[in-house]
Amino acid sequence: MKVKGKTWVASGYVMAYDIIIQKYWTAPIDPAENAKWVMAGVAEEFNRENGFKDQGYTFIVAGHNFAGGGKSIEHVVTGLMGAGIKAVFADSFARLQFRNAINYGLPFITCKGIAEICQTGDQLEWDTDSGLITNLSNGRALQSVPVAPFVAEVAQAGGLMNFIRKKIEHNTIAELQ
Amino acid sequence: MTITEKILAINSGRDKVTPGELVWADVHTVMTMDYLGKQTFTQLHKLGCSEVFDKDRVICVSDHLVPPPTVEFATMLNEWREVVKQHRITHFYDLGRQGIAHQIMVEQGHVLPGKISIGTDSHANTYGAVGAVGNAIGVTDAAVAMAIGKCWFRVPETVKFVIYGEWQPWVMAKDLSLHIMGMMHWNGHLIYKALEFTGPAIAQLDMAGRMTLCNMTVDLGAKNGIVPPDEVTRQYLQGRAKGSWEPLLSDSDAHYEAVYEVNVSEVGPTVALPDKLDDVVPVEKVAGRKFNKAFVGTCTNGRVEDLEIMAKILKGKRIHRDVNMIIVPASQAVFLEAMQKGYLQTLVEAGAAIDTPSCAACAGIHTGVAGDGDIVLSAGNRNMKGRMGSKNAQIYLTSPAVVAASAIFGEITDPRTINL
Ligand code: SF4
């Protein structure tokens, strides 16, 4: 499948703390609600209701340790999903948010050097089967790291919750290994 | 295999695991706490489960919001209590029995060598102090584990730190942590790795120090930190461990991605400068810098041993009049022991304020937060802008010994230079 859309490119290190600012850490998990203030701490222009969401980005492109700083809150991922983000491409991801992304089925795709071939506003095309990311605005492309089978399976089920719920229903938890 | 690989293998019913592999493993205990706990139970219900997999092995703790400073927090706590009661959770450490969850997990014997324990808070890495794999997870992972007693893990590469030499006077595990932070860089090579701490200087380290060391591995970006269980571990767990355990150790031919050696004789009191954790200097480089708030507590440095060293330094002294010092014991048990040993009396006589066990100002959402213009000398674990409240405050991180010595003069002071 090919996903196309506009990208936002991080200019520096993006911390989980800035994607969801302190005030919203204790808010309930709800993509629509979490999306209202997602990225509020990353840039001044996003620090208003729907500031990021209204820009209509489909992808985020970042450097190392995206969503780092050691926060486990899932609002980071649900907020991005609620804002319409379909994938994040980066050199590397922080462990906790990488887990959350897998569990919610938001692709966090490792792609070294991706930030060097993209600028905010560029149109990207991501081939989910081959992992090729093409910048339609300048014609450059990079191959990303393929998604592991377990990760794809969870994403296909619509996230870990659905994946496990089905296993509980069908009494097949013992199959997990 | 390394100790971390072995623990992941045994608990997932395998003979062997390799780094990069994804495995579903049995977890010994699952911790959740006040501000994410209700959400965790809500997720559990969404899985179609009304019961947890084992009422004795889901540990619930009130730490971030107790006692509640606002109506909103009080209401959250009420909902939290309700849901914990409804599930008849055996071990509920609510206000009055509370403590910082990571302290509770280790101190109350809910974490055992050779087993896996997870928690919905990033500093669950602390559990490695007793030779367990301790990992932080989100509420969805916690809900799944509460439902089925299992969690998925990616097997990490292991990096070994061999620590040798003699611990110098007033040098604490925190100084070693900060030293490693400066050496490796926070945002650097240790992302996703298991860090194994061994060597003669680790063998000499007490459990409090091992907890500090493992605690801060998450701030290095690591997946977990672990100290192989030994005699110190066995004695610590005696009368404390809830459940039986067998020590697991790394094989002599285990594969390490890298091995680093640190001579602890060369590590002195250390300070991380405001905003960046890996901007680390020896204390003498910043001696004389003024500050107005001192904070000692948190899952990193709120233990009896930390209060003991502070009491030694502050005995018969007065904290400088321009410094507000807040000390927060990490749990009620720590509070009680420090009281019985007279440390709290000494600290109060010196002019410190003692707050009830909680995370307090550590994450900037509870008591004692930093305001505009504050310069905080903290024994906590994070110093990014806004961590303790205002974005216009500065946070220096260091050991409890440096905080205590500095508090006397109102400026950063090397504890080795003061007359006791
Ligand atoms: S003391 Fe600080 S770092 Fe530790 S659990 Fe509480 S808020 Fe987190």
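Residues numbered from 1 in each chain as written. Chains lettered and ligands numbered in written order. Predicted model: local features only at pLDDT ≥ 70, side-chain atom pairs only at ≥ 80, totals over all residues. Heavy atoms only, no water.

Please explain empty space enclosed by the protein as it appears in this structure.
A water-sized probe, rolled over the atoms, reveals where empty space remains. A full pass over the atoms with the stated rule returns three cavities of 30 Å³ or more. Here the largest cavity is characterised by a volume of approximately 190 Å³. Broken down by secondary-structure element, the contributors of at least two residues to the lining of the largest cavity are α2 (34-46) and α11 (298-301) of chain B. Counted by class, the lining of the largest cavity contains eight nonpolar, nine polar and four charged residues. By volume, the second largest cavity is sized at about 160 Å³. Lining the second largest cavity are 17 residues, with Gly70(A), Ala94(A), Arg95(A), Val218(B) and Gly221(B) positioned closest to its centre. Considered class by class, the residues forming the lining of the second largest cavity number seven nonpolar, six polar and four charged. (1 Å grid on protein atoms, 1.4 Å probe; cavity = no way out; pocket = protein on both sides within 12 Å on 5 of 7 lines; lining within 4 Å. Points joined across faces, edges and corners; volume = space filled by probe spheres on them. Helix = DSSP H or I, 4+ residues; strand = E, 2+ residues; numbered from the N terminus. Nonpolar A, V, L, I, M, F, W, Y, C, P; charged D, E, K, R; others polar.)

Can you help me understand the site of the ligand in this one?
Residue and element names in this part refer to chain B. Around the ligand sit His 64, Ile 100, His 102, Asp 121, His 123, Thr 298, Cys 299, Cys 359, Cys 362, Ala 363, Asn 381 and Arg 387, and those are all the residues in its vicinity. Of the pockets mapped on this structure, the ligand occupies the largest cavity. Its residues assigned to classes, the shell around the ligand shows five nonpolar, five polar and two charged. Among the domains, domain 1 (4-8 + 13-240 + 248-262) and domain 2 (270-417) are the pair contributing at least three residues each to the shell around the ligand. (Near = heavy atom within 4 Å. Sits in = over half its atoms within 2 Å of the grid points. Domains from an automatic or database assignment.)

I tried to follow the pairing of strand β14 (residues 293-296) of chain B on my own but got confused; where do I start?
Both faces of the sheet carry side chains from a regular strand, because those side chains alternate between them. Residues and elements named next belong to chain B. Here four bridges tie β14 to strand β15 (residues 324-327), and the two strands are oriented parallel to one another. Paired with Val 296 across the strands is Ile 327, a residue of β15. With three bridges joining them, β14 and strand β17 (residues 375-378) adopt parallel strand pairing. Looking at the pairing, Ala 294 lines up with Leu 377 of β17. (Pairing = 2+ DSSP bridges.)

Any chance you could explain the layout of surface pockets here in plain terms?
Its volume calculated, the largest pocket comes out at about 900 Å³. Within the residue set of the lining of the largest pocket, elements represented by two or more residues are α4 (95-104), β4 (108-110) and α5 (149-156) of chain A together with β7 (150-154) of chain B. Ranked by residues supplied to the lining of the largest pocket, first place goes to α5(A) with four residues. Classifying every residue of the lining of the largest pocket by side-chain character gives 20 nonpolar, 10 polar and four charged.

Sorry, what's going on with unusual backbone geometry here?
Across residues other than glycine, the phi torsion is negative in most instances, and most of the peptide bonds are trans. Residues and elements named next belong to chain B. Put simply, Val 66 and Pro 67 share a cis peptide bond, and its omega is -20°. Examined against the element boundaries, Pro 67 turns out to sit in the loop between β3 (58-61) and α3 (71-86). Unlike most non-glycine residues, Asp 275 shows phi in positive territory, near 85°. Mapped onto the secondary structure, Asp 275 falls in the loop between β12 (270-272) and β13 (280-282). Judged by its relative accessible area of 28%, Asp 275 is partly exposed. Notably, Ala 360 is not glycine yet its phi reads approximately 50°, a positive angle. By the element assignment, Ala 360 lies in the loop between β16 (353-354) and β17. (Buried < 20%, exposed > 50% of the residue type's maximum accessible area, 1.4 Å probe, protein only.)

Help me understand the interface of chain B and chain A in this model?
On the side of chain A, 38 residues touch chain B, which itself brings 43 residues to the contact. Carbon and sulfur atoms make up 61% of the surface buried where chain B meets chain A, a total of about 3,600 Å² over both sides. Between the two partners, chain B and chain A, sit two salt bridges. Here Asp18(A) makes a salt bridge to Lys391(B), at a shortest N to O gap of 3.8 Å. (Contact = heavy atoms within 4.5 Å. Buried area = accessible area lost by both parts, 1.4 Å probe. Salt bridge = Lys/Arg side-chain N within 4 Å of Asp/Glu carboxyl O.)

Explanation requested: the packing of helix α6 (residues 173-184) of chain B against helix α8 (residues 207-215) of chain B in the structure shown.
Each pair of packed helices gets described by two things: the angle between the helix axes and the distance between those axes. Residue and element names in this part refer to chain B. Two elements in contact, α6 and α8, have axes separated by 8 Å at closest approach and are oriented at 20°. If you check the angle between α6 and α8, you find them roughly parallel. Remark: the crossing between α6 and α8 carries right-handed chirality. Along the contact surface, α6 presents Ala 173, Lys 174, Leu 176 and Ser 177, while α8 presents Gly 209, Thr 212 and Leu 213. In terms of residue class, the contact of α6 with α8 is built from three nonpolar, three polar and one charged. (Axes fitted to C-alpha atoms, helices over the stretch in contact; angles between N-to-C directions. Parallel < 35°, antiparallel > 145°, perpendicular 65-115°, else oblique. Left-handed = near helix turned anticlockwise from the far one by under 90°.)

Can you help me understand the confidence of the model for chain B in this one?
Any segment with low pLDDT has predicted coordinates that should not be analysed in fine detail. Averaged over every residue, the pLDDT of chain B is 96; residues scoring 70 or more account for 99%. Predicted as a complex, the structure gets a pTM of 0.91 and an ipTM equal to 0.84. (pLDDT = per-residue confidence, 0-100.)

Is there a simple way to explain the domain arrangement of chain B in this structure?
A common way to state how big an interface is: give the accessible area lost once the parts meet. Residue and element names in this part refer to chain B. The domain architecture assigned to chain B consists of domain 1 (4-8 + 13-240 + 248-262) and domain 2 (270-417). Once you take the C-alpha centre of each, domain 1 and domain 2 turn out to be 24 Å apart. Taken together, the 38 residues of domain 1 in the interface contact 39 residues of domain 2. By the criterion of area lost to domain 2, the three top residues of domain 1 are Ile 100, Trp 170 and Met 172, representing 22% of everything that side buries.

Is there a simple way to think about the domain arrangement of chain A in this case?
All names here are of chain A. Once the domains are mapped, chain A shows domain 1 (2-145) and domain 2 (147-177). Here the C-alpha centre of domain 2 lies 24 Å away from the C-alpha centre of domain 1. Each side of the interface is counted separately: domain 1 has six residues, and domain 2 has seven residues. Carbon and sulfur atoms supply 70% of the area that domain 1 and domain 2 bury against each other, a total of about 460 Å² over both sides.

I'm lost on the confidence of the model for chain A in this one. Help?
Across chain A, the average pLDDT comes to 93, with 100% of residues at 70 or higher. The least confident element of chain A is α5(A), whose mean pLDDT is 90; the most confident is strand β2 (residues 59-62) of chain A, at 98.

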